[in-house]
Amino acid sequence: MLKIGSYEFKSRLLLGTGKYPNFDVQKEAVEVSEAEILTFSVRRMNIFEPSQPNFLEKLDVKKYILLPNTAGAKTAEEAVRIAKLAKASGLCDMVKVEVIGCQKTLLPDPVETLKASEELLKEGFTVLPYTSDDVLLAKRLEDLGCHAIMPGASPIGSGQGIVNPLNLSFIIEQANVPVIVDAGVGTPSDAAIAMELGADGVLLNTAVSGANDPVKMAKAMKLAIEAGRLGFEAGRIPKKRYATASSPMEGMSVS
Amino acid sequence: MELVINGDKLEVPNTVETVSNLLQHFELEQKVVIVEWNETILEKGSHQETRLCDGDKVELVHFVGGG
């Protein structure tokens, strides 16, 4: 079970809801993924098109935990406002703190992320900050009381996979709260590696929504995350420089 | 009455007296919509009692897809 704050989840896949080809594909991908946590963004409504469809309306929201992000925020203050707007919906009290410090790399601003997380914890939110793979920053966020730490594998939407497995493993080893690898996952094997490193979950979006067949990829990610987790729990064999035979040398039938 | 809604100046009929009326006016009352009124985020329960005045700034936001 994945425990985040007072919540418990069977699934270790957190799925983003952006950029799917259409709502039907998205709905099927969400179902197939078996994700229980779905991320959303908060944006202005187009008030002149009230009939404009919204993915949230296609979902049975009681079946999912909504994880609004603060994407678009460049400062702690903006992130706190977005989080409060999301909470005022009455649909959620979790928030993915996302304060972007650089528009080219979309890497998070560590100082503003820390400030926003601190403020939102004081306000009683369940706080999951998206952070870089900085080991000490992850520790500082945990010390503040964050309910999970979400280090990026590589830049958002880049599909580069895990560029610094060493840092991720340090973050995972030191953490006493769940570590969810968020951003940069491109393939099922990336997700499996994250889980084999001991991550408690993986949050991804573009890897599924941008795949040629998002539904199939959603299933692949679900299976990869389950496989990676099982592998981590089972414990891998140590690497050796030379071969060790799997078959016994004794009792060979030779003429 | 003129309001500033999502950054744009808009004229609304005088029958729009409260935030609830405003949501009805734009046919948003059945939607998941979050209202910020003059930089105060409103809980759903206070939509009906929040009276609008000329020049008020209203933000109407909702959830969209995102990662």
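Model, not experiment: these values are computed from the prediction.

Caption draft 1: Expanded view of the overall build of chain B. Tallying secondary structure elements over chain B gives one helix and five strands in all. When its helices and strands are written in sequence order, chain B yields β-β-α-β-β-β. For chain B, whose C-alpha radius of gyration is 12 Å, the value lies close to the compact-globule estimate of 11 Å for 67 residues. In chain B, which comprises 67 residues, the share counted as buried stands at 48%. A fraction of 52% describes how many contacts in chain B between residues 6 or more apart in sequence connect residues 24 or more apart. Carbon and sulfur atoms make up 44% of the accessible area of chain B, which amounts to about 3,500 Å² in all.

Caption draft 2: Region of interest: the UniProt feature "domain: Thiazole synthase ThiG" (unreviewed entry) in chain A. According to UniProt, the positions carrying the feature "domain: Thiazole synthase ThiG" (unreviewed entry) are residues 3–248 of chain A. Secondary structure content for residues 3–248 of chain A is 38% helix and 16% strand, while the C-alpha to C-alpha distance between its ends is 44 Å.

Caption draft 3: Structural context of helix α6 (residues 165–174) of chain A. Looking at α6 of chain A, one finds that the buried residues are Asn167, Leu168, Ser169, Ile171 and Ile172 of chain A. Buried residues along α6 of chain A sit in contact with α5 (135–144), β8 (150–151) and β9 (180–182) of chain A.

Caption draft 4: Fine view of the pattern of salt bridges. All names here are of chain A. On inspection of all chains with the given rule, the structure shows 15 salt bridges over all chains. The salt bridge involving Glu8 is made with Lys3; its shortest N-O contact spans 3.7 Å. A relative accessible area of 44% places Glu8 in the partly exposed class. With its nearest N and O atoms 2.9 Å apart, the salt bridge here joins Glu226 to Lys222. One end of the pair, Glu226, and the other, Lys222, are both in helix α9 (residues 214–234), four residues apart, so they sit about a helical turn from each other.

Caption draft 5: The arrangement of the UniProt feature "binding site: 1-deoxy-D-xylulose 5-phosphate" (unreviewed entry) in chain A in detail. This chain's UniProt record puts "binding site: 1-deoxy-D-xylulose 5-phosphate" (unreviewed entry) on Gly157, Ala183, Gly184, Asn205 and Thr206 of chain A. For the annotated residues, spread through 50 residues, the largest C-alpha to C-alpha distance comes to 9.2 Å, consistent with a single compact locus. Secondary-structure assignment places Ala183 of chain A in the loop between β9 and α7 (188–196). The exposure class of Ala183 of chain A is buried, given its relative accessible area of 8%. Filtering out sequence-adjacent residues up to four positions away, Ala183 of chain A remains in contact with Tyr130, Gly152, Ala153, Ser154, Ile156 and Leu203 of chain A. Structurally, Asn205 of chain A can be placed in the loop between β10 (201–204) and α8 (206–209). Under the relative-accessibility criterion, Asn205 of chain A is labelled buried at 10%. Once residues lying within four places of it in the same chain are set aside, the contact partners of Asn205 of chain A are Gly16, Thr17, Gly18 and Tyr20 of chain A together with Gly66 and Gly67 of chain B.

Caption draft 6: Examining the environment of Ile149 of chain A more closely. All names here are of chain A. By secondary structure assignment, the location of Ile149 is in the loop between α5 and β8. For Ile149, a relative accessible area of 1% translates into the label buried. Ile149 sits 33 residues away from Asp182 along the chain, and the two C-alpha atoms are 9.2 Å apart.

Caption draft 7: Just the interface of chain B and chain A, in detail. Taken together, the contact between chain B and chain A spans 25 residues of the former and 32 residues of the latter. Summed over both sides, the interface of chain B with chain A buries roughly 2,500 Å², with 62% coming from carbon and sulfur. Considering only the side of chain B, the residues that lose the most area to chain A are His62, Phe63 and Gly67 of chain B, jointly responsible for 29% of the buried surface there. The tally of links between chain B and chain A comes to three salt bridges. A salt bridge links Glu59 of chain B to Arg44 of chain A; its shortest N-O distance comes to 2.8 Å. Summed over the shared surface of chain B and chain A, the number is 14 residue pairs in polar contact (both at pLDDT 80 or more). Looking at which element gives the most residues to the side of chain B that touches chain A, the answer is strand β5 (residues 57–65) of chain B, with seven residues. Considering only residue class, the side of chain B that touches chain A consists of 13 nonpolar, six polar and six charged. Looking at chain direction, strand β4 (residues 37–44) of chain A and β5 of chain B are connected through five bridges and run antiparallel. Considered in β5 of chain B, the bridge of Val42 of chain A is made with Phe63 of chain B.

Caption draft 8: Up close: the side chain of Thr18 of chain B. Residue and element names in this part refer to chain B. Of note, Thr18 is situated in the loop between β2 (8–11) and α1 (19–25). Accessibility expressed as a relative area gives 8% for Thr18, which makes it buried. Excluding its chain neighbours within four sequence positions, the residues that come into contact with Thr18 are His47, Gln48, Thr50, Arg51 and Leu52.

Caption draft 9: How the structure looks around the packing of helix α3 (residues 76–87) of chain A against helix α4 (residues 110–122) of chain A. Residue and element names in this part refer to chain A. Relative orientation of the contacting elements α3 and α4 amounts to 40 degrees, with a least axis distance of 8 Å. One element, α3, and the other, α4, form an angle in the oblique class. Judged by the twist between their axes, the crossing of α3 over α4 is right-handed. Touching Ala76, Ala79, Val80 and Ala83 of α3 are Glu112, Lys115, Ala116, Glu119 and Leu120, all from α4. A class-by-class count of the residues in the contact of α3 with α4 yields six nonpolar, no polar and three charged.

Thresholds applied
Residues numbered from 1 in each chain as written. Chains lettered and ligands numbered in written order. Predicted model: local features only at pLDDT ≥ 70, side-chain atom pairs only at ≥ 80, totals over all residues. Heavy atoms only, no water. Helix = DSSP H or I, 4+ residues; strand = E, 2+ residues; numbered from the N terminus. Rg over C-alpha atoms; globule rule 2.2 N^0.38 Å. Buried < 20%, exposed > 50% of the residue type's maximum accessible area, 1.4 Å probe, protein only. Contact = heavy atoms within 4.5 Å. Areas by Shrake-Rupley, 256 points an atom, 1.4 Å probe, with all protein chains shown as cover. UniProt positions renumbered as here; feature names shortened; annotations may be inferred. Salt bridge = Lys/Arg side-chain N within 4 Å of Asp/Glu carboxyl O. Buried area = accessible area lost by both parts, 1.4 Å probe. Polar contact = N/O pair within 3.5 Å; in protein donor to acceptor, adjacent residues only side chain to side chain. Nonpolar A, V, L, I, M, F, W, Y, C, P; charged D, E, K, R; others polar. Pairing = 2+ DSSP bridges. Axes fitted to C-alpha atoms, helices over the stretch in contact; angles between N-to-C directions. Parallel < 35°, antiparallel > 145°, perpendicular 65-115°, else oblique. Left-handed = near helix turned anticlockwise from the far one by under 90°.

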